[in-house]
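Listed here are the chains, written in short residue letters.
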Amino acid sequence: MRHSSRPRVRSRRAILRQGAGGLALFGSLILAACGQSPPAAPAGAPKSSASGAPEPAKPAAGASTTQGAAHPATGGAMTKDQVNLFFMGHVAGGANEQKAYDQILEEWHQKYPNIKVEYQVIPDQERIQKATAMVAADQAPDMWRHNGGVIRLWAYQGHLLDLTDLMPKDYQQKFLPALMAYCLFKGRYYGLPHTTDTSALFYRQDALEAIGVKPPKELKDSWTFEQFGEINNKLLDLKKQQYAFTHNQGGGRWVPSFLYSTGAQVVTDDFSKIAINSPEGIKAFQFIKDWTDKKWAPPAAWTTQVPNEITDQFVRGTASMAILGQWNITYLDENIKDSFKWDVTFIPRDKMQTTSLGGTPVVGWAKTKHPKEVAGFFEYFTSVDKIKQFDEMANYVPVRSDMTEQTLNFQVRSDLMQVFHQQIKTLPQQYVAYVARSYSSGIGTIITEESSKLMLSGQSPEQTAKNIEERGNKYIQENPDVEVR
Amino acid sequence: MAAQIAALPRPRPRRRLRQRDVIPYVFILPNLLLFAVFVFGPMLFSFGMSFTAWDGLGRPSFTGLNNYEKLLSDDLFLTAVRNTLLYSFGTVLPMLAISLGLALMLNSRLRGRTFFRVMIYLPVVISWVAAALVWRLIFIHPSGLMNAALESVGIPAQLWTSDPILALPAIMWMSLWKGLGFYTVIYLAGLQTIPATVYEAGMIDGASRWQLFWRITLPLLRPTTLFALIVGIIGSFEVFVPVYLMTNGGPGYASMVMVMAIYRSAFQTYQMGYASAMAVILFLAIFGVSLAQFKLFGREVEY
Amino acid sequence: MAVQETTALPLERETGRDLAAASEGEGRIPLSALQQAILYLVLGTVSILMFFPFLWMIATALRPAGFEADLSLIPRPYLAFENFGRAWSFRGSVFTQYAINSVVIAVVSTALGVALNGLAGFAFAKYSFPGRNVLFYIVLTTMMVPFQITMIPTYVTIAKLGLINNYWGVILPGTASAFGIFLIRQFMQSIPDELLDAARIDGASEVNIFLRIVVPLSAPALAVLAIFTFLWRWNDYLLPLLVMNRQQMFTLPIGVTNFIGEYRAEWSLVMAVSLISILPTVGLFLFFQRYFVRGIAMTGMKG
């Protein structure tokens, strides 16, 4: 056989093989060098120090000291041994929030250098999937940020740390009852609220001035649905911005903000059936359908997937007003700059003022090796000082009921937070109770899908209500709330 | 003595023959082991879960064929099936045809063809996250690129990913953009398996360029085409990431596809057993279609 | 094969020039000026369509902070090249660490994958052994179940093996690839058995036959496999995210999500990192795509 060319080709392949072999070797070397997982916590169960007299309260830097705030009352119960706690979560709001975590953890480490808390940031979208996988493999973190809607489900399955006896007595009463509701299961609680957020109506001052409207500054004066509609029509007539308002209400946020406002509910008071197919419910559906039908809002806003998209519409001047969350304030400030003056007012209401609910609570793993240390850290993390610090840096609304009268000094546009402060008080109790049900994720998905059909496929309000009722009842039947299982 | 030696059984055949019989198993053994550990185990587990009602983390409860019965009357699932088929037919055949054409062009003696090869391959290389971001920008209503282009020729702006009818085509368009280079590369490699002597023979026989293509190139590309077809169809049946990133199956569930429905049931509505049943049906569909393709087109490639 | 390899042409020792010409396959036929012009036009148009979204990627990457809502193609008020530096220096040198991790995982996976899948594809292509077809179909079925449904059982398996937060926890599960085996098998089928038999008669071992004869002949296929394996591993998001628990083990695709929060995203930084991230994959493509030149020993065989 003639292989005149072959040596040339083969040598090239040989080099490649050698190269590949070398790289594989290189890779293996790296693996050997790097070692496996990070150093495990030293063996030995945490010993509660019998002589543990709590250290004298040291005021945290720059914060006022309220009772039990500066250090955990459970501090005495925590071990003096070296312990590593793995805390997994996301950074929802950007660089300021990351800084807040850094600072809060640094101050913790100064107080308790033997209890190392490592906060590992993971992407928000896959957060719960990763937690699910880790729990399934018995390798969950000691603590993580969870979703309120599924805490009770996971508690029922035995995956979450029961905090009731680990935290100071009656600690759960320190939090807004609406938020605590989704951490409570059969009288005990398995998580603690840490952040919450809500949305309000941002507006361009020039647009409202041009139509001669002064937005309300008091909750009791907030616009009704009808007034809101009139204002929208006037704004459209101005022909300055293409839409009267844009919004972040797609994907189910409108449910607490608008559905409950008409007096409708998602489920009955005994949580056994869907209650949305009522005249009030249909009225709410008709109202949001008007947003598209009357061209008040961009239809695409209903299905937006990513952060900044809706906010950008307001910044660009596509809409005169925008229903946005308080977490957008920093972004708006940085991007609108001086192009126009903007302020915020209350979400329009029908029979009563209601608002939406968000935020993430923190939970511990049932099988953590350091339950007392987790509890101690949680007490520190959810103390008045630390929540104040976190919220001021990252623009969140406080979750503690003993902070509702405090004026926080938000780093950006502190003047706007008053509206949010007032709004968060109008969280409908029945709505929160519904969210706390373990079937709420499934129902929420159904509501999102049917309301999208309402807004974008021309489905009638009556049909929408009927579909949600049918599909929802079926789902509840097959997946009853954990309290009744 | 000699007789005794002669009476001994003949020595075994040459060592080489034995090696040749055994060695294929040795060659495939590492892969089979890895498959067994990391793929078959989880597969069988998931298939088993399809006969239960399970929320993913608690205790599964056996429900027999219940999930399958529910699937038959589930409008969302049926929409997902329909959309997956639409997606598959709408992307695979055009993609293969266009990429074959491109590969032929890129295989010819053209100056600068490496530049063109890179251009066509670039969309394949960028991550889906980046691609989805750019295409969302392009599809923005009212002021995105696509709508600007349409309005310049008098067509009104469309909602694209928020439009129940256009959402799936928008995703298909994006997938086409992203996948073309992939199949072009495969065809480019496939064209290399055709020896020049074959063309020489054809040319000596006086065949035209077109005839060369139809009579020689295309038939000899059959193994490559079979591969691209099967891989393409399997990939299209399993499409997930572009849907997840662009529409999440919406609006409503207008752009729902099979794997998106599986994901929704597994991680949004906590019905892992139900999701597993969907996965079994998807598996059977893919298996059936692939088997059919092998039977129809695979014969020739058995040497 | 459908077309005879044995032609009437005698075996020739080919000169360098003829080799180059032969390696062009169909391109041996010179193109007329008109044909060239048409080719340039078509390829140029396609390239523009492929590349246009990239202009938007670049525009997004160069958008300055505080002007993030702007949609213009040329970022206003200035081109923020500092975004690349800002993104890469996020929280110290984490992105460098991410890049190192991505490189280790991608390189080792590619080397291992090409080796193992190449061997297996060869076995399926050129050997006949009992159970071959059944085993091949079984291998193919591993492509037919989407990762979303096997994700959690696979993760539990990886955890049981103690490979969490470990490079091998990411490398091993995906190494055995039905796609790769299928690809190699299709391409290697066109290798003439006579070639291999001749080598066997000469006393070569099976492994030697693979390394010395088969590998050079299937250079295009192996190149394609290397390119795609590297690409997939480089852009893989979900598996590394699940397996890795600590920042210092994260890969680039995970690192990008540092800029995508639940409430706020810095898309310019996302794009900046994404653009940097495509450089190795394009580089690898450029390196390997010269193997899309026919295995030269394929020409003029017979003897």
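Quantities reported herein were computed from a predicted structural model and do not represent experimental measurements.

About the cut-offs
- One numbering rule holds for all chains: residues counted from 1, following each sequence as written.
- All chains are assigned letters beginning with A, and all ligands numbers beginning with 1, in the order in which they are written.
- Residues qualify for local features only when their pLDDT is at least 70, as the model is predicted, and side-chain atom pairs are given and counted only at 80 or more; totals for whole chains, interfaces and linings, by contrast, use all residues.
- Hydrogens and water are ignored here; the side-chain numbers use all heavy atoms of the structure.
- Where helices and strands are cited, they refer to DSSP runs of H or I of at least four residues and of E of at least two residues respectively, numbered from the N terminus.
- Think of it in three bands: residues with accessible area under 20% of the maximum for their type are buried, residues over 50% are exposed, and the middle band is partly exposed, with areas taken using a 1.4 Å probe on protein chains only.
- By the convention used here, residues are in contact when the closest approach between their heavy atoms is within 4.5 Å.
- A 1.4 Å probe and the Shrake-Rupley method give the accessible areas. Residues count as covered only by the protein chains that appear here.
- The rule for pairing is simple: two strands pair if DSSP sees at least two bridges between them.
- Axes here mean lines fitted to C-alpha atoms, for a helix over just the part in contact, with angles spanning 0 to 180 degrees between N-to-C directions.
- For salt bridges, the criterion is a side-chain nitrogen of Lys or Arg within 4 Å of an Asp or Glu carboxyl oxygen.
- Distance and chemistry together define a polar contact, namely a pair of N or O atoms within 3.5 Å, with one atom able to donate a hydrogen and the other to accept it when in protein, and with adjacent residues in sequence counting only for side-chain atoms on both sides.
- For this classification, Asp, Glu, Lys and Arg are treated as charged, while Ala, Val, Leu, Ile, Met, Phe, Trp, Tyr, Cys and Pro are nonpolar and the rest, including Gly, are polar.
- By definition, pLDDT measures how confident the predictor is in each residue, and it falls between 0 and 100.
- Two parts lose some accessible area (1.4 Å probe) when they are put together, and adding that loss for both gives the buried area.
- Small angles under 35 degrees read as roughly parallel and large ones over 145 as roughly antiparallel, with 65 to 115 read as roughly perpendicular and the rest as oblique.
- Two helices cross in a left-handed way if the nearer one is turned anticlockwise from the farther one by less than a right angle. They cross in a right-handed way if the turn is clockwise.
- Two rings from Phe, Tyr or Trp (for Trp, the six-membered ring) form a pair when their centres are within 6.5 Å of each other. A pair whose planes differ by under 30 degrees is stacked, one over 60 is edge-to-face, and the rest are tilted.
- Whether a charge lies above a ring is judged from NZ of Lys or CZ of Arg, which has to be within 6 Å of the ring centre and within 35 degrees of the ring normal.

Draft legend 1. Broad picture of the overall build of chain C. Across its full length, chain C carries 14 helices and zero strands. Taking all 303 residues of chain C together, the buried fraction comes to 63%. Contacts spanning at least 24 positions in sequence make up 71% of the contacts within chain C whose residues lie at least 6 apart. Of the roughly 10,700 Å² of accessible surface on chain C, a fraction of 67% belongs to carbon and sulfur atoms.

Draft legend 2. The sheet that holds strand 2 (residues 115–121) of chain A, seen in detail. All names here are of chain A. Reading across the sheet, the five strands line up as 2-1-3-11-6 and stay open at both edges, with mixed pairing between neighbours. The sheet is open, and its two edges are formed by strand 2 and strand 6 (191–193), each paired on a single side. Direction aside, neighbouring strands of the sheet carry axes that sit 20° apart on average. Of the strand pairs in this sheet, strand 3 (residues 143–145) and strand 11 (residues 361–364) are connected by three bridges, and their pairing is antiparallel. Paired with Trp144 across the strands is Val363, a residue of strand 11. Taken strand by strand, helix 2 (residues 95–111) contacts strand 2 and strand 3, and its axis lies near 170° from that of strand 2.

Draft legend 3. Seen up close, the interface of chain C and chain B. If you look at the interface, chain C gives 112 residues, while chain B gives 106 residues. Across the contact surface, chain C and chain B share one salt bridge. One can count nine residue pairs in polar contact (both at pLDDT 80 or more) joining chain C with chain B. Examining the composition of the side of chain C that touches chain B, we find that 18 residues originate from one element, helix 2 (residues 33–61) of chain C, more than from any other. When the residues that make up the side of chain C that touches chain B are grouped by side-chain class, the tally is 74 nonpolar, 28 polar and 10 charged.

Draft legend 4. Just the confidence of the model for chain C, in detail. All names here are of chain C. With 86% of its residues at a pLDDT of 70 or more, chain C has an overall mean of 86. Counted against residues more than four places away or in other chains, residues 1–27, with its pLDDT under 50, gives 45 contacts. Here residues 295–303 is a poorly scored stretch, pLDDT under 50, and it has 23 contacts once near neighbours within four places are set aside; other chains count. Per the prediction output, this complex has pTM 0.87; the corresponding ipTM is 0.88.

Draft legend 5. Structural context of the interface of chain A and chain B. Residue-level contacts link 35 residues of chain A with 28 residues of chain B. For chain A, the biggest contributors to the area lost against chain B are Gln129(A), Gln305(A) and Glu449(A); these three give 18% of the whole. Counting across the interface, chain A meets chain B through four salt bridges. Between Arg264(B) and Glu449(A) there is a salt bridge whose closest N-O contact spans 2.6 Å. Across the contact surface, chain A and chain B share 11 residue pairs in polar contact (both at pLDDT 80 or more). Counting residues per element, the ones that place at least two in the side of chain A that touches chain B are helix 3 (127–136), helix 4 (151–156), helix 10 (309–316), helix 16 (440–456) and helix 17 (461–478) of chain A. Here the side of chain A that touches chain B gets eight residues from one element, more than from any other, and that element is helix 16 of chain A. Of the residues that constitute the side of chain A that touches chain B, the class distribution is 13 nonpolar, 15 polar and seven charged.

Draft legend 6. View of the side chain of Gln389(A). Residues and elements named next belong to chain A. Note on placement: Gln389 falls in helix 13 (residues 384–394). Gln389 sits in the buried class, given a relative accessible area of 15%. One polar contact links Gln389 to Gln103, side chain to side chain, over a distance of 3.0 Å. Engagement of the side chain of Gln389 in a polar contact is seen with the side chain of Glu107, the distance being 3.2 Å. Among all residues touching Gln389, those that are not within four sequence positions of it are Gln103, Ile104 and Glu107.

Draft legend 7. How the structure looks around the confidence of the model for chain A. All names here are of chain A. Per-chain confidence: chain A averages 85 in pLDDT, with 84% of residues scoring 70 or above. Mean pLDDT across the elements of chain A bottoms out in helix 1 (residues 6–34) (47) and peaks in strand 3 (97). The low-confidence segment residues 1–12, where pLDDT is below 50, has 15 contacts with residues more than four positions distant or belonging to other chains. Segment residues 29–72: pLDDT under 50, and 53 contacts once partners within four positions in sequence are set aside and those in other chains are kept.

Draft legend 8. Local environment of the packing of helix 2 of chain A against helix 12 (residues 371–381) of chain A. Residue and element names in this part refer to chain A. Two elements in contact, helix 2 and helix 12, have axes separated by 11 Å at closest approach and are oriented at 125°. It follows from the interaxial angle that helix 2 and helix 12 lie oblique. As for how helix 2 packs across helix 12, the hand of that crossing is right-handed. On the side of helix 2, the interface is formed by Tyr101, Ile104, Leu105, Glu107, Trp108 and Lys111, while helix 12 contributes Gly376, Phe377, Tyr380 and Phe381. The class makeup of the residues in the contact of helix 2 with helix 12 is seven nonpolar, one polar and two charged.

Draft legend 9. Main features of the pairing of strand 8 (residues 243–247) of chain A. All names here are of chain A. Where burial is concerned, most of strand 8 is hidden: five out of the five residues are buried. In this sheet, strand 9 (residues 319–325) lies alongside strand 8 in parallel orientation, the contact comprising four bridges. In the sheet register, Thr246 faces strand 9, and the bridge partner there is Ala322.

Draft legend 10. Just the packing of aromatic side chains, in detail. Applying the stated rule across the entire model yields 82 aromatic pairs over all chains. A centroid spacing of 6.4 Å and a plane angle of 55° characterise the contact between Tyr396(A) and Tyr263(C), whose relative ring orientation is tilted. Linking Tyr396(A) in the loop between helix 13 and helix 14 (417–424) with Tyr263(C) in the loop between helix 13 (252–256) and helix 14 (267–288), this pair reaches from one chain into another. In this arrangement the basic side chain of Arg413(A) is found over the ring face of Trp342(A), its NZ or CZ atom lying 4.5 Å from the centre.

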